[in-house]
Amino acid sequence: MIIEIPGELERFGGNIIYELQRVLLLDSGLRKKAPDLDSSAYPYYNISYEESYAIESKMSIVVPVKDVPLKLLEGVLFAIPHHCHVIVVSNSSKVPADRFVMEKKLVDNIRKFTRRPISIVYQKDKKLSGALKDAGYSSVLDSKGIIKSGKGEGMILAMALAKAAGKKYIGFIDADNYFPGSVHEYVKEYAAGFSISESRFTMVRIAWYSKPEISKDNLFFTKQGRSSVVTNKFLNKIISYYTGFETEIVRTGNAGEHALSTELAMVLGYSSGYSIESYHYINLLENFGGLDTIPYKKVMNDFIEIFQINSRNPHFHQKKGSRHIRNMIKDSLKVMYHSSVCPEPIREEIIQDLTAREALKEGEELEKGIYYPPLASLDFDKFKDSLPGPLTETLLP
Ligand code: GDD
């Protein structure tokens, strides 16, 4: 892959946020045959097939799924490179039809016919919930001791499993994607980001190039998602407030498609449901921005690199209604509003914005969301010991 070297960046304490990078060639071939870009006339990185392969072999791709048509899930799973480890984390309905059983059959068949490392777990599994409890990570459990519902909660479980499987990188891909080609591309871009990173603490976030919408019987390719526009605006405002320079550096506030080095995944705090992606940025500013107490000094010293890569395929997924989008915006703004890094004037703007879009009533308080501590607090030896036997066979082959 040939990818632009980012010219602009924002430093915020130990965080380095790079500007959006364009992909110039999706596949630049084998190392020895790759185009020679050494000349300073080309400010590009060239990531050879071998380099991508080496990183992808150490990566778990997590696919969170809840009641997505099997055809879509199948397309997504077929598109993930064979050498990646795959964890499907499902919170699908069990009634009237048991969708999880259908997903499990699909995954078992894929493993059988492609011989690839792939596991599926049920988010509400009693043994898995118990394993988290035994390992001292109970905050993600409900009053019955079962893992709570929510995309973020499923992702937390999957990150713990990827770490238990010894993976160095963890990437996320939504299951409701109609274009397998885009899924394949996201994985390549995750690998490219990790390959150019100089830090052990790295995050790679995808900003898709376009999203097709149907407008008056025609296709129209939008540039930014409905919630991303708002989330990005407020994240940039928070950064600008401290640096004193207006910025548009954040383009991936809501990136469902993102990847983390496992070392970074272990020291980040998380929030529930769909706010998890915007809270990444907020938690990075809180923990490593140098404004507050620094929980992991070593991480801040080593720097955290955040890459934003502009994919080439259009992103085409199941379209949700405006209520879903409004709730997603509210959840994202909530984690900003309640953060110690959010300045008062921006808090006021958040309330105005949410009131204007009728996500809050006039004078209503914006309630606090749910947060989870870093996974570093989990005892991984105990967690592994408590994992159910059949899962261990597919997860740790
Ligand atoms: N395991 C699990 N548990 N998965 C879930 C749950 C849950 O409780 N809820 C949703 N999912 C799965 C969905 O099946 C899908 O594969 C993925 O999580 C994303 O959920 P969607 O409901 O399809 O989200 P979206 O398309 O509106 O939003 C996506 O893109 C946003 C950025 O545009 C999500 O990835 C957001 O998190 C992201 O901010």
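Below or above, wherever it landed, is the structure these notes cover. As the structure is a computational prediction, the values presented were derived from the model and not from experiment.

## Notes on the pattern of salt bridges
In step 1: Per the counting criterion, the structure on display carries 19 salt bridges.
In step 2: With its nearest N and O atoms 3.6 Å apart, the salt bridge here joins lysine 94 to aspartate 98.
In step 3: A relative accessible area of 33% means that lysine 94 is categorised as partly exposed.
In step 4: A relative accessible area of 25% places aspartate 98 in the partly exposed class.
In step 5: Lysine 334 serves as the salt-bridge partner of glutamate 367, at 3.5 Å between the closest nitrogen and oxygen. One end of the pair, glutamate 367, is in the loop between helix H12 (344-356) and strand S15 (371-372); the other, lysine 334, is in helix H11 (residues 322-337), with 33 residues separating them in the sequence.
In step 6: Using a relative accessible area of 42% as the deciding quantity, one classes glutamate 367 as partly exposed.

## Here's the deal with the packing of aromatic side chains
In step 1: A full pass over the atoms with the stated rule returns 10 aromatic pairs.
In step 2: Ring plane angle 15° and centroid distance 4.7 Å describe the contact between tyrosine 18 and phenylalanine 307, whose orientation is recorded as stacked. Residue tyrosine 18 is found in strand S3 (residues 15-25), and its partner phenylalanine 307 is found in strand S14 (residues 304-310); the two are separated by 289 residues along the sequence. In this pair, the class of tyrosine 18 matches that of phenylalanine 307, namely buried.
In step 3: Relative to phenylalanine 316, the ring of tyrosine 178 has its centre 5.1 Å away and its plane inclined at 35°; by these criteria the two rings are tilted. Of this pair, tyrosine 178 sits in the loop between strand S8 (169-172) and helix H6 (180-196) while phenylalanine 316 sits in the loop between S14 and H11, and the two are 138 residues apart along the sequence.
In step 4: Given the relative accessible area of 40%, tyrosine 178 is considered partly exposed.
In step 5: Judged by relative accessible area, phenylalanine 316 falls into the partly exposed class, the value being 31%.
In step 6: For the cation-ring pair, arginine 11 lies above phenylalanine 303, with the distance from its terminal atom to the ring centre recorded as 5.8 Å.
In step 7: Stacked on the ring of tyrosine 209, the Lys or Arg arginine 312 has its end atom at 5.4 Å from the ring centre.

## Remarks on the pairing of strand S5 (residues 59-65)
In step 1: A large share of S5 lies buried, amounting to seven of its seven residues.
In step 2: As paired elements, S5 and S8 share four bridges and run parallel to each other. Looking at the pairing, valine 62 lines up with phenylalanine 172 of S8.
In step 3: Pairing analysis gives six bridges linking S5 to strand S6 (residues 85-90), with the strands arranged parallel. Note that in S6 the partner of valine 65 across the bridge is serine 90.
In step 4: Handedness of the crossover joining S5 and S6 through helix H2 (residues 70-79): right-handed.

Thresholds applied
Residues numbered from 1 in each chain as written. Predicted model: local features only at pLDDT ≥ 70, side-chain atom pairs only at ≥ 80, totals over all residues. Heavy atoms only, no water. Salt bridge = Lys/Arg side-chain N within 4 Å of Asp/Glu carboxyl O. Buried < 20%, exposed > 50% of the residue type's maximum accessible area, 1.4 Å probe, protein only. Helix = DSSP H or I, 4+ residues; strand = E, 2+ residues; numbered from the N terminus. Phe/Tyr/Trp six-rings, centres within 6.5 Å; stacked < 30°, edge-to-face > 60°. Lys NZ or Arg CZ within 6 Å of the ring centre and 35° of its normal. Pairing = 2+ DSSP bridges. Right-handed = clockwise from strand over helix to strand, strands pointing away.

Bear in mind that shape data such as this cannot, by itself, settle questions of function.
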